[in-house]
Amino acid sequence: MQIINASKEICNQLFQLCDKLDNKEYAHCSSLLLGGSIGKHMRHIIEFYDILREGSKVGEINYDTRSRNSQIENETEAAKLRLASILTWLEGLKENENLSLCFSFDQEKDDVEQVESNLMRELAYNMEHAIHHMALIRIAIDQQFSHVNIDSNFGLAYSTIRYNKDQCAR
């Protein structure tokens, strides 16, 4: 399935990035990232995938319940272990399944609502969400760690990659 293969590609790009950064670069708080770090963005991506993986076992997901694990945002090896676990899970996916997405968009109360969703829809969401954060990571890499070489498509949506190829072919 395209969604699964694309998700594996995204996770592999993130894994490879961890191999190219030391922990100091990975955890460096940057004004370009509004005080965040590459590691914080990486943790955010990983925890969304983790929530989907764990929630798919019980049929319910809530992205607001992230653990915000500081080890993942400070240590590349911790991030790589989680990414490897996500990649193993993606390898085993075969079927779509119905899920209930829980959320709260109330700034005052923690009133949780639910909508129906499914595994492949949420996997597509996670992939697009990851690409968005990867685009931010790419800015930090380009501006602060120019010695780090990343894939030319890192942080680009698949539609953008196709568009760019089409423009070059003209």
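Here the structure is shown first, and the text comes after it.
Residues numbered from 1 in each chain as written. Predicted model: local features only at pLDDT ≥ 70, side-chain atom pairs only at ≥ 80, totals over all residues. Heavy atoms only, no water.

Chemist: Outline the layout of surface pockets, supporting the account with residue identities and numerical values.
Modeler: A volume near 200 Å³ is recorded for the largest pocket. Lining the largest pocket are 13 residues, and of these Tyr63, Leu101, Phe103, Phe105 and Tyr125 lie nearest its centre. At the level of secondary structure, the elements contributing two or more residues to the lining of the largest pocket comprise strand 2 (98-103) and helix 6 (119-144). Split by residue class, the lining of the largest pocket holds 7 nonpolar, 2 polar and 4 charged. (1 Å grid on protein atoms, 1.4 Å probe; cavity = no way out; pocket = protein on both sides within 12 Å on 5 of 7 lines; lining within 4 Å. Points joined across faces, edges and corners; volume = space filled by probe spheres on them. Helix = DSSP H or I, 4+ residues; strand = E, 2+ residues; numbered from the N terminus. Nonpolar A, V, L, I, M, F, W, Y, C, P; charged D, E, K, R; others polar.)

Chemist: Tell me about the side chain of Asp50, and please be specific about residues and values.
Modeler: For Asp50, the location among the structural elements is in helix 3 (residues 38-58). Asp50 gets classed as buried once you look at its relative accessible area, which sits at 7%. Apart from residues no more than four positions distant in its own chain, Asp50 is found in contact with Arg82 and Ile86. (Buried < 20%, exposed > 50% of the residue type's maximum accessible area, 1.4 Å probe, protein only. Contact = heavy atoms within 4.5 Å.)

Chemist: Hey, could you go over the packing of helix 3 against helix 5 (residues 76-92) for me, with residue numbers and the actual values?
Modeler: Where helix 3 meets helix 5, the axes come as close as 10 Å, and the angle between the chain directions of the two elements is 35°. Every pair of crossing elements has a handedness; the one defined by helix 3 and helix 5 is left-handed. In contact with Met42, Ile46, Tyr49, Asp50, Leu52, Arg53 and Ser56 of helix 3, helix 5 contributes Ala79, Arg82, Leu83, Ser85, Ile86 and Trp89. Split into classes, the residues belonging to the contact of helix 3 with helix 5 amount to 8 nonpolar, 2 polar and 3 charged. (Axes fitted to C-alpha atoms, helices over the stretch in contact; angles between N-to-C directions. Left-handed = near helix turned anticlockwise from the far one by under 90°.)

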